[in-house]
Amino acid sequence: MVLSSLWYALPMDSQWVLAHLAYSAILLVLGVLLSRFLHGVFGKLLTLMERRRRVSRAYVAILRRVTGWFLWLLLGVILLRLWGLDVSAIWTTFVSMLAVIGVGLLAVWTMISNVTARFFIWFWRPLQMGQRVEIFPEGLCGEVVEENLMFTELRQEDGRVVVIPNNLFFQRVVRREALEDKA
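Starting from 1, residues in each chain are numbered consecutively following that chain's sequence as written. Whole-chain, interface and lining totals are the exception, using all residues; otherwise, since this is a predicted model, local features are given only for residues with pLDDT of at least 70 and side-chain atom pairs are given and counted only at 80 or more. Remark: hydrogens and water are excluded; side-chain values derive from all non-hydrogen atoms of the structure.

Chemist: How would you explain the overall build of the protein chain if you had to name every residue and give the values?
Modeler: Segments assigned H or I by DSSP are reported as helices when at least four residues long, segments assigned E as strands when at least two residues long, and all are numbered from the N terminus. For the protein chain, the count of helices and strands is five helices and five strands. Along the protein chain, helices and strands appear, N-terminal first, in the series α-α-α-α-β-β-β-β-α-β. Remark: exposure states derive from per-residue accessible area (1.4 Å probe, protein chains only) relative to the maximum for the residue type, with buried under 20%, exposed over 50%, and partly exposed in between. Across the 183 residues in the protein chain, those meeting the buried criterion constitute 19%. Any two residues whose heavy atoms approach within 4.5 Å are treated as being in contact. Residue pairs at least 24 apart in sequence account for 51% of intrachain contacts in the protein chain once pairs closer than 6 positions are excluded. What sets the accessible areas is the Shrake-Rupley method with a 1.4 Å probe; for residues, cover comes only from the shown protein chains. Counting every atom, the protein chain has about 13600 Å² of accessible surface; 68% of that belongs to carbon and sulfur.

Here is the structure:
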């Protein structure tokens, strides 16, 4: 139904269709030529960078791939506009989806990082309840009073509680005092 409403708005004059088919063919040929040109440029760039050993082959391959994707996406948008289709809604949806995916992946990465760190803390026991620890270079110090999947809480000397993400214990230097035997 949506497709029929989009095509219904287009003029169906045979000369118009033939002209747009010709323009589309020219754009596709130019896209293929530009893609091959960029492939050659990145090949030469790769050889030059390998001689100087500044950039890895994988980096140039990723750069080549992303540039190719961007080129074909841009060509697709131009072709849709050429045929009279409004791509602003498609573009807005695409960019919004990328933003949501990016934020979601960042949040998931942070949560998984903290949960994984908690399991390693439980397994290796670098700190325990009641133990006094200090985190460098921040200078956070206190007694471990609470441990959960996401955070570890330290009670400072003034009574305030500092909530620290578990993955920080793997990213910073931690000094710990020995636990006193409570015999």
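Chemist: Explain the packing of aromatic side chains to me, using residue names and the numbers behind them.
Modeler: Pairing of aromatic side chains requires ring centres within 6.5 Å, counting the rings of Phe and Tyr and the six-membered ring of Trp. Pairs whose planes differ by under 30 degrees are stacked, by over 60 edge-to-face, and all others tilted. Scanning all chains against the criterion turns up four aromatic pairs. Measuring from centroid to centroid gives 5.5 Å for Phe119 and Trp122, while their planes differ by 70 degrees, and the two rings are edge-to-face. Of this pair, Phe119 and Trp122 both sit in helix 4 (residues 88–124), three residues apart, which is roughly one turn of that helix. Under the relative-accessibility criterion, Trp122 is labelled partly exposed at 39%. Taking 6.1 Å as the distance between ring centres and 70 degrees as the angle between the ring planes, the aromatic pair formed by Phe120 and Phe170 counts as edge-to-face. Residue Phe120 is found in helix 4, and its partner Phe170 is found in helix 5 (residues 168–171); the two are separated by 50 residues along the sequence. When its relative accessible area of 43% is taken as the criterion, Phe170 is described as partly exposed.

Chemist: Break down the pattern of salt bridges for me, with residues and values.
Modeler: Should a side-chain nitrogen of Lys or Arg be within 4 Å of a carboxyl oxygen of Asp or Glu, the pair is scored as a salt bridge. A complete count under the given rule lists six salt bridges for this structure. Note that Glu157 is salt-bridged to Arg132, the shortest N-O span being 2.9 Å. Taken together, the residues span a long stretch of sequence, with Glu157 in the loop between strand 3 (151–155) and strand 4 (161–165) and Arg132 in strand 1 (residues 132–136) at a distance of 25 residues. For Glu157, a relative accessible area of 72% translates into the label exposed. Here Arg160 ties to Asp158 by a salt bridge, and the two come within 2.8 Å at their closest N and O atoms. Salt bridges sharing partners connect three or more residues here, namely Arg132, Glu157 and Glu177.

Chemist: Hey, could you go over unusual backbone geometry for me, with residue numbers and the actual values?
Modeler: For residues other than glycine, phi is negative in most cases, and the peptide bonds are mostly trans. For the bond running from Phe136 to Pro137, omega is 5 degrees, close enough to zero to count as cis. Its identity as a non-glycine residue notwithstanding, Arg125 has a phi of 55 degrees, on the positive side. Note that Arg125 resides in the loop between helix 4 and strand 1.

Chemist: Lay out the nonpolar core in plain terms, naming residues and giving numbers.
Modeler: Of all hydrophobic cores here, the largest spans ten residues; its members are Ile121, Leu127, Val133, Ile135, Val144, Leu154, Val162, Ile164, Leu168 and Phe169. When contributions to this core are tallied by element, the ones reaching two or more residues are strand 1, strand 4 and helix 5. Dropping the residues within four chain positions of it, Val162 is found in contact with Leu140, Thr152, Glu153, Leu154 and Gln156. In this description, a nonpolar core means a group of buried Ala, Val, Leu, Ile, Met, Phe, Trp, Tyr and Cys residues linked to one another through side-chain atoms lying within 4.5 Å.

Chemist: Any chance you could break down the sheet that holds strand 1 for me, citing the residues and the numbers?
Modeler: To summarise the sheet geometry, strands pair through backbone hydrogen bonds and adopt either a parallel or an antiparallel arrangement. Strands are treated as partners if at least two bridges between them are detected by DSSP. Strand order across the open sheet formed by five strands is 4-3-2-1-5, with antiparallel pairing between neighbours. Each edge of the open sheet carries a strand with a single partner, namely strand 4 and strand 5 (173–176). Between one strand axis and the next, the sheet turns by 40 degrees as a mean value, whatever way the strands run. Relative to strand 4, strand 3 runs antiparallel, the two sharing five bridges. Think of each axis as a best-fit line through the C-alpha atoms, taken over the contacting stretch in the case of a helix, with angles from 0 to 180 degrees between the N-to-C directions.

Chemist: Quick rundown of helix 4? Include the residues and the values.
Modeler: The length a helix should cover is 1.5 Å for every residue beyond the first. Helix length check: helix 4 (37 residues) gives 53 Å between terminal C-alpha atoms against 54 Å at 1.5 Å per residue, within 8%. Buried within helix 4 are the following residues: Ser113, Asn114, Ala117, Arg118 and Ile121. Next to the buried residues of helix 4 lie strand 2 (140–147), strand 3, strand 4 and helix 5. Downstream of helix 4 by one or two residues, Arg125 has phi in the positive range, about 55 degrees.

The values reported here are purely geometric and, on their own, carry no functional implication.
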